[in-house]
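Now for the letters of each chain:
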Amino acid sequence: MIGEWLRNAGAVTVLTGAGISTESGIPDFRGPQGVWTKDPQAAAMSTIDVYLADPAVRRRAWRSRRDHPAWGAEPNAGHRALVDLERTGRLRAIVTQNIDGLHQKAGSDPDLVIEVHGTMLEAECLGCGRRTPMPEVLARVDQGEEDPPCAECGGIQKSATISFGQALKPDVFAAAERAARGCDLFLAVGSSLGVQPAAGLCMEAVESGARLVIINAQETPYDRLADAIVREPIGTVLPTLVSDTC
Ligand code: NAD
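Residues numbered from 1 in each chain as written. Predicted model: local features only at pLDDT ≥ 70, side-chain atom pairs only at ≥ 80, totals over all residues.

A. Here's a closer look at the overall build of the protein. Along the backbone of the protein there are 11 helices and 9 strands. Its C-alpha radius of gyration of 18 Å places the protein within 12% of the 18 Å reference for a compact globule of 246 residues. For the protein, the proportion of its 246 residues judged to be buried stands at 35%. If you take every contact in the protein between residues at least 6 apart in sequence, the share linking residues at least 24 apart comes to 67%. (Helix = DSSP H or I, 4+ residues; strand = E, 2+ residues; numbered from the N terminus. Rg over C-alpha atoms; globule rule 2.2 N^0.38 Å. Buried ≥ 20, exposed ≤ 12 C-beta atoms within 10 Å, placed from the backbone. Contact = placed C-beta atoms within 7 Å.)

Structural data, given as structure tokens:
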């Protein structure tokens, strides 16, 4: 059934979440092994106000950026299946909540990947907005700077990701909304769909007439809207679904 919908869709928009990268060794937040499931306080530490106010939180954040499992991670079969879907000409966009860059590393066209929560591959100054490749800033951390300030203005830097309390980039989210409204099949993959406004894209797609398919191990608040739900591992189910359509 889902294979047939994929085959007949003129435009498919995929929303991905942390669950597509767990099989690459990057833990999600809310799954059984999730970072926040194991350490509920970590979520409270992820707000922009706490980050700005507390140098100890920033020092801890720089250490965890340096040690992040994404630096050694490789794309998995789920990411590669979306590259194959792109080759069929039916992929409208990948709207990703992930910050790990694995869709692009797998070979997805960067112009089709909309990173609504930003990227950990760059640092951003919260004062002047200057962007710096993250490895350059992490090299300073390795050399002993515990909270490296912006090289331009001395401001506080952070990964170029969206923390709680920070607004999404309006142009980036507008592109995600256009992709959600402009598809006939919306695939939500590996997301607990608990973070707004990204999760609300499911509703926007359905209201615009798209079918909604959710591939996720756990229940989500949007399950009742879905035309089909798949609870199997993404790295197994996504390649099978896509290969059926090629
Ligand atoms: P989440 O942790 O809230 O939900 C992930 C969901 O994926 C869970 O419901 C889990 O059961 C499911 N899942 C995990 N592995 C799966 C698999 N192999 N097959 C099927 N289902 C699987 O993640 P979210 O909804 O993306 O929200 C978390 C936020 O944290 C996002 O905004 C994102 O920016 C950020 N985040 C990103 C990364 C990353 O870039 N890889 C990792 C962790 C968190």
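Next comes the rest of the write-up.
B. Region of the structure containing the environment of A176. As for its position among the elements, A176 is in helix 9 (residues 170-181). Judged by C-beta crowding, with 23 C-beta atoms within 10 Å, A176 ranks as buried. In sequence terms A176 and T161 are 15 residues apart; their C-alpha atoms lie 16 Å from each other. Beyond its immediate stretch of four places on either side in the chain, A176 contacts V95, I114, V116 and L201.

C. Geometry of the confidence of the model for the protein. Residues with a pLDDT of 70 or more make up 99% of the protein, whose mean pLDDT is 95. This prediction of the complex comes with two scores: 0.95 for pTM and 0.95 for ipTM. (pLDDT = per-residue confidence, 0-100.)

D. Molecular detail of the site of the ligand. Neighbouring the ligand are 27 residues; G17, G19, D28, N98 and S192 lie closest to it. Here the shell around the ligand is built from residues that sort into 8 nonpolar, 15 polar and 4 charged. (Near = placed C-beta within 6 Å. Nonpolar A, V, L, I, M, F, W, Y, C, P; charged D, E, K, R; others polar.)

E. How the structure looks around helix 9. For helix 9, built from 12 residues, the straight-helix expectation of 16 Å at 1.5 Å per residue is met to within 8% by its first-to-last C-alpha distance of 16 Å. Of the residues making up helix 9, those classed as buried are A176, A179 and A180. The arc enclosing the buried residues of helix 9, seen along the axis, measures out at 100°, which places them on a common side. Pointing more than 90 degrees away from the buried face of helix 9 are the exposed residues P170, D171 and A174. Close packing links the buried residues of helix 9 with strand 1 (12-16), strand 2 (91-96), strand 3 (113-115), strand 7 (185-189) and helix 10 (201-207). (Expected span 1.5 Å × (residues − 1). Arc of directions from axis to C-beta.)

F. Region of the structure containing the environment of I2. Relative to the assigned elements, I2 resides in helix 1 (residues 2-8). Residue contacts for I2: discarding those within four places in its chain leaves V213, A228 and L241.

G. Layout of unusual backbone geometry. The linkage connecting Q196 with the following residue, P197, adopts the cis geometry, with an omega of 5°. Here P197 shows up in the loop between strand 7 and helix 10. Phi at L193 takes a positive value of approximately 55°, unusual for a residue other than glycine. Considering the arrangement of structural elements, one finds L193 in the loop between strand 7 and helix 10. Judged by the 23 C-beta atoms lying within 10 Å of it, L193 falls in the buried class.

H. Examining the sheet that holds strand 6 (residues 157-161) more closely. Spatial strand order, 5-4-6: 3 strands in an open sheet with antiparallel pairing. Since the sheet does not close on itself, it has two edges, and those belong to strand 5 (131-133) and strand 6, each with one partner. Each adjacent strand pair in this sheet contributes to an overall mean axis angle of 45°, direction not counted. (Pairing = 2+ DSSP bridges. Axes fitted to C-alpha atoms, helices over the stretch in contact; angles between N-to-C directions.)

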